[in-house]
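Reading the structure
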Amino acid sequence: MSERAAPFYCPYCGDEDLRPSEEGSVRGAGAAWECRSCSRAFRLKFLGLLSQGVSTVPSSSAGGAS
């Protein structure tokens, strides 16, 4: 993942009016962004890839009752 990857939506309000933060970015600490809609600042950081065996939904509940 590139250091230049940008979010499309604010994680708090969902608006698309995001700008890179004026705050200096430290390599490895995540990119700082500002939402002009809700006036929040946040950082995004790529943590890594999940292994193929990890699933967030148990396979037994995916089918449902008939």
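Let us look at the structure shown here. (Residues numbered from 1 in each chain as written. Predicted model: local features only at pLDDT ≥ 70, side-chain atom pairs only at ≥ 80, totals over all residues. Heavy atoms only, no water.)

1. Quick look at the pattern of salt bridges
Oppositely charged side chains may form a pair once their charged atoms are brought near each other. The criterion, for reference: What makes a salt bridge here is a side-chain nitrogen of Lys or Arg within 4 Å of a carboxyl oxygen of Asp or Glu, nothing more. Partly exposed describes any residue whose relative accessible area lies between the buried limit of under 20% and the exposed limit of over 50%, with all areas from a 1.4 Å probe on protein chains only and scaled to the type maximum.
Taken as a whole and judged by the stated rule, the model has two salt bridges. Its salt-bridge partner being R19, residue D17 comes within 3.2 Å of it at the nearest N-O pair. The residue E34 makes a salt bridge to R36 at a minimum N-O spacing of 3.7 Å. For E34, a relative accessible area of 23% corresponds to the partly exposed category. Residue classification places R36 among the partly exposed positions, given a relative accessible area of 44%.

2. Examining the pairing of strand β3 (residues 40–44)
Each regular strand displays side chains that alternate between the two surfaces of the sheet. Selection rule: Each pair of strands is called paired provided DSSP finds at least two bridges between the two strands. Each helix corresponds to a stretch of at least 4 residues labelled H or I by DSSP, and each strand to a stretch of at least 2 residues labelled E; elements are numbered beginning at the N terminus.
Bridge analysis of strand β2 (residues 31–35) against β3 gives five bridges, and the strand direction is antiparallel. Following the sheet pairing, W33 is matched in β3 by F42. Here β2 folds back onto β3 in antiparallel fashion, the turn holding four residues, of which S39 has a positive phi close to 60 degrees.

3. Section: the packing of aromatic side chains
Counted only if it meets this: Put simply, two rings from Phe, Tyr or Trp (the six-membered ring, in Trp's case) pair if the centres are within 6.5 Å, and we call them stacked under 30 degrees between planes, edge-to-face over 60, tilted for the rest.
Across all of its chains, the model carries one aromatic pair by this definition. Residues Y12 and F42 carry aromatic rings whose centres are separated by 6.2 Å and whose planes lie at 65 degrees to one another, so their mutual orientation is edge-to-face. Separated by 30 residues along the polypeptide, Y12 in the segment before β1 (18–20) and F42 in strand β3 bring together distant segments of the chain. Residue Y12 is classed as exposed on the basis of its relative accessible area of 52%.

4. Overview of the sheet that holds β1
We count it as follows: A fitted line through C-alpha atoms serves as each axis, taken over the contacting stretch for helices, and the angle formed by two N-to-C directions is quoted from 0 to 180°.
Overall, antiparallel pairing links the three strands, which are arranged β1-β2-β3 in an open sheet. Looking at strand neighbours, the two that pair on one side only are β1 and β3, the edges of this open sheet. Sheet twist, expressed as the mean angle between neighbouring strand axes with direction ignored, is 35 degrees.

5. Considering the environment of A31
Residue placement: A31 occurs in strand β2. Distance from A31 to A5, taken between C-alpha atoms, is 8.8 Å for residues 26 residues apart in sequence.

6. A closer look at the pairing of β2
Along β2, four of the five residues are buried, which leaves the element largely enclosed by surrounding structure. Relative to β2, β1 is paired through three bridges, and the arrangement is antiparallel. By the bridge assignment for β2, R19 is matched with E34.

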